[in-house]
Structures are given as C-alpha cells and as structure tokens.
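Summary of the model geometry
Here's the letter readout for the chains.
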Amino acid sequence: MDVHGAVAEGFEPVREAFARNFEVLGDRGAAVAVYRDGHRVVDLWGGTRDVDGTAPWEHGTAQIVRSATKGVAAAVLLLLHQRGELDLDAPVGSYWPEYKAAGKERTLVWHLLAHRAGVPVLDRPLTPAEAADPDLGAAAVAAQAPAWEPGTDHGYHAQTYSWLTGELVRRITGRTVGEWIADEIAGPLGADLWVGLPAARRARVGRVGQIDAPARTGTLRTRPKQSVADAYADPDSLTRRAFAAITPLPDENDPGYRAAVLPASNGIATADGLARFYASLIGEVDGGTRLFTPETAELARGERSAGADRVLVVHTRFGLGPMLHGAASPLLSPTSFGHPGRGGALGLADPESGLAFGYVTNGFRTSVTADPRAQALLRAVRTAAAASAR
C-alpha cells in the first residue's frame, strides 16, 4: 500500500500505524490529519477513493463521517451561546414553542446537547425523504413524547439529534445549521467540511460502504458484548429504535441524501477538515482563526452525562455535545473531547497536549464508538507526542 502525504519529524509512528491499517485492519481508503498547537503535523492518505472502486484516494478526497457530524452541530449551539444569542439553561420551548408538547416543557437547551432530552426515538419513523425535510423532522420530535423524564438520564440520540439541534439553530438565526456551518465555521477556517453537500463539491466525495472486520486484529475486540448485541437485535429496544428513526436506512451514496442537512449523521469532511475544526476549538489555527474561547472549550468538555447509556447500553460520557474520553470511547487523554462516526470516522481535540485529530474512511465497520483503525492511529499519535515532548 502506497501511503501519500507527509508527517512532521517525530510523527513517523503515525505513518506506520496508518499503513498497518491497510495491511492488517482492512482499510480500503482513508486519510488522517493531526494538528499540534494549531499547525498541521500529519497529513496522510491512501487506498481507493471509493470503497468498491479502484480510482486512487487523492489529497482532498472527502467522505461522509456519520455521527462525527454531531460534534460540529454541537459547536454551533455553543458558539451561539458564546455570542450571547442562546441561553443553555433556558427551556427549549422559549425558542421553539411547539417543543413544549407531550411533557417536554421542562426540557432545557443543554439537555439536548448532552443526550438527556429523552427523545432518541420516534413512534413513527421518518422515511429518508421525510427526514430531509426540516419542517417534518422538527414537527416529529416536537410532537414526540419522551421515553424518560427529560434531564433525569441520558441515552444517545442517534438520529433525532439532527432535528433537535438543527431546529434550534433555525429558530435563533433564520439559517439552516448547514448554512451556519458554511458561513461561520468552514468558511473562516478554510476547512473542507459540509452539512448539506453543495452540488459543486460532489465530485470530491467517495463512495462508502460496509466492510467486514478482520477475524483477528491484535488490538481492540471486534465483537460487541452480548448485552449490546441483544439490544441491537431487539426491534423494540431503544437502541434499535433510535438508529431506526429514519426507516429504511438512507442510501449514503445518494446525492439527494448527501445534500440534505442532517447534522446527526450526514456531514461530509476531509480528515484535514475535521482536524482543523477541532484545532480551532482549543487554539488559533495557523496563527489565525480560533472558534472557541478558552471558557467555551471548558464548557464544552465539562461532563454532563455519564454512566449506562439507555441507547448504546455501554457506559458513555458526554459534555455539551462532545463525547468524552472513557472505556467505551477512548480518546487521546482524559482531557480530550470529540465525536466518532459509527463504523469509522473520528474527530477530537486534546487541550492538554494541544493536539487535534481527524480520521475518515470509506469502509464502515459495526463499531459505534471505538473503531480499531482510529484507535490504532490514536495510540501512534500518543506515542509520537510523548516522545517529542521529552
């Protein structure tokens, strides 16, 4: 496998781990980027652009990153708070009156961010076409009765996070969350990152698909615990219903789906775009743009939910949107915050080391929070950063 790109001196272990992902862990096409103190130190890519093709992955090839989009969506609400346009402790209904229906009048804005809103499922799932209509999606979650009293527990809002966050942004700013990201995040940063892919960018995005995991990886376990497997197999479980809030599953290679604005699941990015975004949350990028103030970064990664997740079944930790370091989702260090995409992608920032990381792939696995390929790269980044700090 030819690995393309460059690494700064001391980060050679990341190149080695990236090559091993193809040789041992079955990657088809992927890219990884790392920033340190706002400057890029790793920029690698390899394999094929399409999971089922032969054309090479090129510099700037982008892929759908699934739930890694949630970290970007959460940042929008935190930036609105930073600008004084959103009160995180206010009732959701003060911005979105229709949301007060069905026993949700006490739901606070921060409950949505921290997966405590109690509406991870829809009694009537939306079709892909309905899900792409922001009015229908917002109306569905506004009418939905919560599965638990909002604020009292947490469970991963796999699909409904799209309309919970997206409608708040629309009510406050008059723009879709995708437009806001383009204007206020991706544009100023020069980051290849879209929620609602423009037609002019379609040619840059590869085809994605499910791939089998190697029988033995020598790293993380590839088989879920029985309790997790049972939850996904049970059609009546919150787990199964949360991921099936859009039914049937959308075709992620369909241009119409990619053009929709679904900030829970259909963001498209390069590895550099993800890493650059997270670098801007903890410092200036290339001596220029910084998105979060230090106070907002601390707010984002302050623990708001922890313990047994009603949807994912495993123990999870969340700040105000970002997933936090833990056994189910190991990041770079206990200070890290970020978000995985189911089956592969990962973006994160680590304030302690000044590192930001982005990994994208076109081959998705069954993992939800800790893909072995991303974890192998994180271990290499950790090793390189520790060695260069001596």
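Residues numbered from 1 in each chain as written. Predicted model: local features only at pLDDT ≥ 70, side-chain atom pairs only at ≥ 80, totals over all residues. Heavy atoms only, no water.

Notes on the overall build of the chain
The helix and strand inventory of the chain stands at 13 helices and 14 strands. The globule rule puts the C-alpha radius of gyration for 390 residues at 21 Å, and the 19 Å found for the chain is close to it. A buried classification covers 57% of the 390 residues belonging to the chain. Taking the contacts inside the chain whose residues are at least 6 apart along the sequence as the reference set, 68% of them involve residues at least 24 apart. Total accessible area on the chain is roughly 14800 Å²; 50% of this is exposed by carbon and sulfur atoms. The average position of the 40 basic charges and that of the 44 acidic charges among the side chains of the chain differ by 4 Å. (Helix = DSSP H or I, 4+ residues; strand = E, 2+ residues; numbered from the N terminus. Rg over C-alpha atoms; globule rule 2.2 N^0.38 Å. Buried < 20%, exposed > 50% of the residue type's maximum accessible area, 1.4 Å probe, protein only. Contact = heavy atoms within 4.5 Å. Areas by Shrake-Rupley, 256 points an atom, 1.4 Å probe, with all protein chains shown as cover. Lys, Arg positive; Asp, Glu negative; His and termini not counted. Charge placed at Lys NZ, Arg CZ, Asp CG, Glu CD.)

A word on the sheet that holds strand 5 (residues 193-194)
Read from one edge of the open sheet, 3 strands run 4-7-5, paired in antiparallel fashion. Only two strands of the sheet have a single partner each, and these edge strands are strand 4 (63-64) and strand 5. Sheet topology places strand 5 next to strand 7 (residues 268-269); 2 bridges connect them, and they run antiparallel. What sits directly across from Leu-193, in strand 7, is Ala-269. (Pairing = 2+ DSSP bridges.)

Section: the pairing of strand 13 (residues 355-361)
Within strand 13, 7 of the 7 residues are buried, which leaves the element mostly enclosed by the surrounding structure. Neither face of strand 13 is exposed, since Leu-355, Phe-357, Tyr-359 and Thr-361 on one face and Ala-356, Gly-358 and Val-360 on the opposite face are all buried. In this sheet, strand 13 lies alongside strand 2 (residues 29-36) in antiparallel orientation, the contact comprising 7 bridges. Considered in strand 13, the bridge of Arg-36 is made with Leu-355.

A look at the nonpolar core
Grouped together as the largest cluster of nonpolar side chains are 83 residues, with contacts concentrated most on Val-76, Leu-88, Tyr-99, Trp-163, Ile-185, Phe-277 and Phe-292. Contact partners of Phe-277, with chain neighbours within four places excluded, come to Gly-71, Val-72, Ala-75, Ile-185, Leu-189, Leu-193 and Leu-291. If you look at the next biggest cluster of nonpolar residues, it comprises 27 residues, including Val-3, Leu-346, Phe-357 and Leu-378. (Core = buried A, V, L, I, M, F, W, Y, C linked by side-chain atoms within 4.5 Å.)

Some details on the confidence of the model for the chain
Summing up the model confidence of the chain, the mean pLDDT is 95 and the portion of residues at 70 or higher is 97%. Overall, residues 218-222 carries pLDDT values under 50, and its contacts beyond four positions in sequence, including any with other chains, amount to 11 contacts. (pLDDT = per-residue confidence, 0-100.)

With respect to unusual backbone geometry
In the segment running from Thr-247 into Pro-248, the intervening peptide bond is cis, with an omega of 0 degrees. Tracing the sequence through the fold places Pro-248 in the loop between helix 9 (238-243) and helix 10 (255-259). The backbone phi angle of Asp-37 is positive, close to 50 degrees, even though this residue is not glycine. Note on placement: Asp-37 falls in the loop between strand 2 and strand 3 (39-47). Located in the positive-phi region is His-115, a residue other than glycine, with phi close to 60 degrees. With respect to the helices and strands, the residue His-115 is situated in the loop between helix 3 (109-113) and helix 4 (128-131). Given a relative accessible area of 0%, His-115 falls into the buried group.

Things to note about the side chain of Ser-162
Relative to the assigned elements, Ser-162 resides in helix 6 (residues 161-173). Polar side-chain contacts of Ser-162 include one of 2.8 Å to the backbone nitrogen of Ala-264. If sequence neighbours within four positions are ignored, Ser-162 has contacts with Leu-262, Pro-263, Ala-264 and Ser-265. (Polar contact = N/O pair within 3.5 Å; in protein donor to acceptor, adjacent residues only side chain to side chain.)

Quick look at the packing of helix 2 (residues 69-82) against helix 12 (residues 294-301)
Helix-helix packing is characterised by the crossing angle of the two axes and by the distance between the axes. Running from N to C, helix 2 and helix 12 cross one another at 135 degrees; their axes reach a closest spacing of 11 Å. Put simply, helix 2 runs oblique to helix 12. In this structure, helix 2 meets helix 12 at a crossing whose hand is right-handed. Of the residues in helix 12, those in contact with Leu-78, His-81 and Gln-82 of helix 2 are Thr-296, Leu-299 and Ala-300. Each residue belonging to the contact of helix 2 with helix 12 can be placed in one class, and the counts come to 3 nonpolar, 3 polar and no charged. (Axes fitted to C-alpha atoms, helices over the stretch in contact; angles between N-to-C directions. Parallel < 35°, antiparallel > 145°, perpendicular 65-115°, else oblique. Left-handed = near helix turned anticlockwise from the far one by under 90°. Nonpolar A, V, L, I, M, F, W, Y, C, P; charged D, E, K, R; others polar.)

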